[in-house]
Structure formats: C-alpha cells, structure tokens
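Observations on the model geometry
If you want the building blocks of each chain, they are given just below.
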Amino acid sequence: MPQLALLYGRAWAALFGQLRRPPRAVCIQMVHSRSQGTRDLSPQQMVVREKILDMVVSCFKRHGAKGLDTPAFELKEMLTEKYGEDSGLIYDLKDQGGELLSLRYDLTVPFARYLAMNKLKKMKRYHVGKVWRRESPTIVQGRYREFCQCDFDIAGQFDPMIPDAECLKIICEILSGLQLGDFLIKVNDRRILDGMFAVCGVPESKFHAICSSIDKLDKISWKDVRHEMVAKKGLAPEVADQIGDYVQCHGGVSLVEQMFQDPRLSQNKQALEGLGDLKLLFEYLTLFGIAEKISFDLSLARGLDYYTGVIYEAVLLQTPAQAEEEPLNVGSVAAGGRYDGLVGMFDPKGHKVPCVGLSIGVERIFSIVEQRMKTFGEKVRTTETQVFVATPQKNFLQERLKLIAELWDAGIKAELLYKNNPKLLTQLHYCENTGIPLVVIIGEQELKEGVIKLRLVASREEVAIKRENLVAEIQKRLSES
C-alpha cells in the first residue's frame, strides 16, 4: 500500500506539473517579451544613467538636502484624490488580505505622508526612486510606465519665495551642468490661475477640470484645448475665449507688472497675492543671476491638484545645436511647485506644513544623452577596473591570486581571467577591449628577481617594479592619470 500511494503521488505530481507548466511556445514568447512601458538598461546605459544621477544628487547635497526613501507602495487611500484626473493612472495592487495598496505615483505624496506621520515641521530632503503610472508609453519621448524620479523638497514655514527661488536655482545648476543645450523655466502661480478662471467666469466647481485642460497646452493646440473645455467639460465658449486671451501671455517681470494693472485680474485677491509673490521671486532670481532663464507664462498649469502657489516647468529650447542630430521632443525635463496643504491632508488634526519642491526628469534627460551618444558614436567603459593581473606562463594561478588579493586589500580595482592557464595575448586583448589602463605581469623570471612587470596598455610600455613597491607605484600612476 505505501508503494501504491507513492506511485499515485508521483502520478499526480507529474500531472499537476504538466498542468501548471506553460507550453514551451508560451515560455519562449515570455522570454522574448517585456511589459509595455518598461525597459532593461544595459551596462553601457547604466554607466550613463549613474553619471546623470550622481550629478543631480551632488547638486541636491550641495544645497544641504538629506536623503530619504519610502516604500514602493502605499495604502490606496493615501494616494486617491491627490492627483485630480490623473488618479486613474495609479497602479492598484491585488488585495493581499485586507490592505488595499497602490504603487506610488510620485515621490511627493509619500514625502507629505512621511512628514505628517513623523510630526515633522521642517525638512530639506532629496529622494531618488522609481514610480509607476498607467499611461500610454511614448518611448521615443522618454515616457514610461515605470520610471525614476529625482526629487528635492523644502518643508517648513519660511519667509516668502526664498525656498522657491532656491528650487529654481537648483534646476538651473543641474540643467547647465548636464550641458543639454539652452533651456527655459516657465513659472506661474495657481492663485493667479484660479483668479484668472474666476474673472473669466469659470464656475469654481470646474477650476480643477479646466486647469487640467490648460495643462495640455504644451502637447496639443489651443484649438483642441478650447474644444475639450467647451465640448467635454461644459464651459461656455465666451468664457473659454477670455481664458485664451490670458494664456497666450508670457514674459519676464514686466509682464508681472502688467498683470497688476489688468482691469480684471487686479480686482481678484487670490491673483494679486500670486502676482505679489512672483514679483518678489523675480527679485531673488535676479540676485541668483538666473532671471534671464525664467519666463512668467500664464499657460503653465501643472495639472496635479495638490499645488497651491508658485509652479514651474523647465523645457529645452533645443537639443545641442549639431547639424547631425535630429530634434528630440521630450517635453519638460524638470518641474515642481509649492504645495502648502498636502501634509495637512495626512495629519489627523489637519496641521499644515508649507512645502515647495522640484523633480528632475531623469528618463527624458537620459533619452537626450543616449541619442547624442549614438549620433556621435561615443563609447562608454562599463567597468572601473584599474589593473589587470596577468601571467605569460602556466601554473601561476596561485601567484596571481595572491597578487590580486594584495591589490584589492589596497583599495585598487583589479581583475584577472578565471582560468588556470590563460594565454598572455588573450589577457592583453581583454585589457585593450575593456579600457583597463594598467597590467601587472608575473612569471618565473619576475618571481625569481622579486619584481613585477607593469605594463601601460595605451603605450604598451613595460617597466619592472620591485614587488614591495608595486602598490605604491600603481597608486602614484593612477593619481597622475
């Protein structure tokens, strides 16, 4: 009987194994496919990406920010009603035993939740992490469903526009440092937008919906935006036309002064508050030496519901001016604004913590840099190996292992081939192909004389170095290169 049970057990296991195992054709298809709107990054791409991230994070640290991380998913209730019409793009996770969870849509809402949860009233933080959005991916424009965000935020009660001006300075520093070409940062204020909607006759209940339509002006024409507001959102045509007169206005601080004199806007308290802050902001931007990079643009809306004051968005005016390059329309490469009410939405007593921040569009910037490298055939080293340990003779694995351990212990980045008896030519070709600058060669002669042969890969020059001086000599040469 035990043998019969074992036999039946094996039969059932085999049957269930067949039922649970996908057909071979399906497996092959699965291997060759990937979820839409996602990407794998090759070692070459990772090198470029890490350089971009290093530059961004070093700028954040230069401005005194602390690092922070939050979970990839949040309670669904924490994310709903924070993003307006974009809430439909949130990825919901399957119920795992009572908790309704969603993947984070951005890094701002989790930051606000963190501040409220920990009862923090002041913080300057940066956060680099992945976010997820269920939108139609446009890979050529650097738009994905899974992508990396780099955020910098200042939380706390401070004098007006000083933190906001610093955020704009940071964007200028990063975009200038990355050498992406000329850029412009558009600024506006949600209070000016709301005031504009009010004086044009937009019902207050439609403010957010109309703001969401205006936010599409960088993607579609005014004619299409007007049609959406009138036909889909029920706005009166004459009200839409009045909005159209305003959203075509853009300029510097002189436009701010002009709007102060506008017969309709000047009668709206909210708009006047926003204009007053923008005037002060331009004063600080002039002191920072970046006012010429900033444009007051009444068409800028930033569709997210949580913005309450100044908003901004950086766009490239062109990719680097080279005749060989094709223009790459990637939209905005940085954006942000003030959100003074978001933390209060997570606090049981509704205590507010004023916040302002920015987000760098790393994926879009990466698309530009990647295209530039393809156009000009630029090559990238995928490792940082400084020294290769080689031998011209057989049965020298033990000596190579002792030597490479000595280099590793000294903090030198080193490699060897995982073979007992590799050919010297194979080892030298590997160094040339991967860009390793130095080779240390040990053989019978070197062992007998107590020296190591140091080879410069670029010039193929070789010098004998005393074994006890090898580490110091390598470190000296690396510091000079």
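Nothing here was measured: the structure is a model prediction, and the numbers come from that model. (Residues numbered from 1 in each chain as written. Predicted model: local features only at pLDDT ≥ 70, side-chain atom pairs only at ≥ 80, totals over all residues. Heavy atoms only, no water.)

**Overview of the overall build of the protein chain**
Looking only at helices and strands, the protein chain features 18 helices and 16 strands. Counting across all 481 residues of the protein chain, residues that qualify as buried make up 46%. Sequence-distant contacts, at least 24 apart, represent 69% of the contacts inside the protein chain between residues at least 6 apart. As presented, the protein chain carries roughly 25400 Å² of accessible surface, and 53% of it is formed by carbon and sulfur atoms. (Helix = DSSP H or I, 4+ residues; strand = E, 2+ residues; numbered from the N terminus. Buried < 20%, exposed > 50% of the residue type's maximum accessible area, 1.4 Å probe, protein only. Contact = heavy atoms within 4.5 Å. Areas by Shrake-Rupley, 256 points an atom, 1.4 Å probe, with all protein chains shown as cover.)

**Topic: the packing of aromatic side chains**
If you walk through the whole model with that rule in mind, you get six aromatic pairs. Their ring planes at 35° and their centres at 5.5 Å tell us that phenylalanine 60 and phenylalanine 152 sit as a pair that is tilted. On the criterion of sequence distance, the pair formed by phenylalanine 60 in helix 3 (residues 43-62) and phenylalanine 152 in strand 5 (residues 146-155) is long-range, its members being 92 residues apart. Taken as a pair, phenylalanine 60 and phenylalanine 152 share a single burial class, namely buried. The aromatic ring of phenylalanine 111 is capped on one face by arginine 125, whose charged end is 4.2 Å from the ring centroid. Against the face of phenylalanine 183 rests lysine 293, its NZ or CZ located 4.5 Å from the ring centre. (Phe/Tyr/Trp six-rings, centres within 6.5 Å; stacked < 30°, edge-to-face > 60°. Lys NZ or Arg CZ within 6 Å of the ring centre and 35° of its normal.)

**Looking at the UniProt feature "binding site: L-histidine" (unreviewed entry) in the protein chain**
Here, UniProt's "binding site: L-histidine" (unreviewed entry) annotation points to Asp106, Leu107, Thr108, Arg133, Gln149, Asp153, Arg302, Tyr306 and Tyr307. As for its placement among the helices and strands, threonine 108 is situated in helix 5 (residues 108-117). By relative accessible area, threonine 108 is classed as buried at 9%. Contacts of threonine 108, omitting those with residues within four sequence positions, involve Asp151, Tyr306, Tyr339 and Leu342. Note that arginine 133 resides in the loop between strand 4 (123-132) and strand 5. Look at arginine 133 and you get buried, because its relative accessible area is 15%. The contacts of arginine 133, once residues within four sequence positions are left out, are Leu89, Tyr91, Tyr105, Asp106, Arg145, Phe147 and Gln149. There is a polar contact of 2.9 Å between the side chain of arginine 133 and the backbone oxygen of tyrosine 105. (UniProt positions renumbered as here; feature names shortened; annotations may be inferred. Polar contact = N/O pair within 3.5 Å; in protein donor to acceptor, adjacent residues only side chain to side chain.)

**A look at the sheet that holds strand 13 (residues 414-415)**
Backbone-to-backbone hydrogen bonds join strands into a sheet, with any given pair of strands oriented parallel or antiparallel. Reading across from one edge, 13-12-14-15-16 is the order of the five strands in this open sheet, with mixed pairing throughout. The open sheet has two edge strands with one neighbour each: strand 13 and strand 16 (462-466). Strands strand 12 (387-390), strand 13, strand 14 (438-441) and strand 15 (451-456) of the sheet are contacted by helix 15 (residues 397-409), whose axis makes an angle of about 165° with strand 12. Its contacts with the sheet put helix 18 (residues 470-480) on strand 12, strand 14, strand 15 and strand 16, and the angle it makes with strand 15 is roughly 15°. (Pairing = 2+ DSSP bridges. Axes fitted to C-alpha atoms, helices over the stretch in contact; angles between N-to-C directions.)

**Overview of the packing of helix 3 against helix 6 (residues 162-177)**
Running from N to C, helix 3 and helix 6 point in directions that differ by 145°, and their axes come no closer than 10 Å. Considering only the axes of helix 3 and helix 6, their crossing is right-handed. Of the residues in helix 6, those touching helix 3 at Met55, Val56, Cys59, Phe60 and Arg62 are Ile170, Glu173, Ile174 and Gly177. When its residues are assigned to classes, the contact of helix 3 with helix 6 shows six nonpolar, one polar and two charged. (Left-handed = near helix turned anticlockwise from the far one by under 90°. Nonpolar A, V, L, I, M, F, W, Y, C, P; charged D, E, K, R; others polar.)

**A short note on helix 3**
Taking 1.5 Å of rise per residue, 20 residues should cover 28 Å, and helix 3 covers 28 Å from first to last C-alpha, within 8% of that figure. Those residues of helix 3 that are buried lie in contact with strand 4, strand 5, helix 6, strand 11 (355-360) and helix 14 (362-376). Positioned one or two residues after helix 3, glycine 64 has a phi angle of 85°, which is positive. (Expected span 1.5 Å × (residues − 1).)

**Focus on the sheet that holds strand 10 (residues 332-338)**
Reading across the sheet, the nine strands line up as 1-4-5-11-10-9-6-8-7 and stay open at both edges, with mixed pairing between neighbours. The two strands at the open ends of the sheet, each matched to only one other strand, are strand 1 (66-67) and strand 7 (250-251). Here three bridges tie strand 6 (residues 183-189) to strand 8 (residues 294-297), and the two strands are oriented parallel to one another. Across the sheet, lysine 186 pairs through a bridge with serine 295, a residue of strand 8.

**A few points about the side chain of arginine 104**
When you line up the elements, arginine 104 lands in the loop between strand 3 (101-103) and helix 5. For arginine 104, which is buried and forms no salt bridge, the nearest opposite charge comes from aspartate 69, at a distance of 4.1 Å. A polar contact is formed between the side chain of arginine 104 and the backbone oxygen of lysine 130, at a distance of 2.7 Å. Beyond its immediate stretch of four places on either side in the chain, arginine 104 contacts Asp69, Thr70, Pro71, Ala72, Phe73, Leu79, Pro110, His127, Gly129, Lys130, Val131 and Trp132. (Lys, Arg positive; Asp, Glu negative; His and termini not counted. Salt bridge = Lys/Arg side-chain N within 4 Å of Asp/Glu carboxyl O.)

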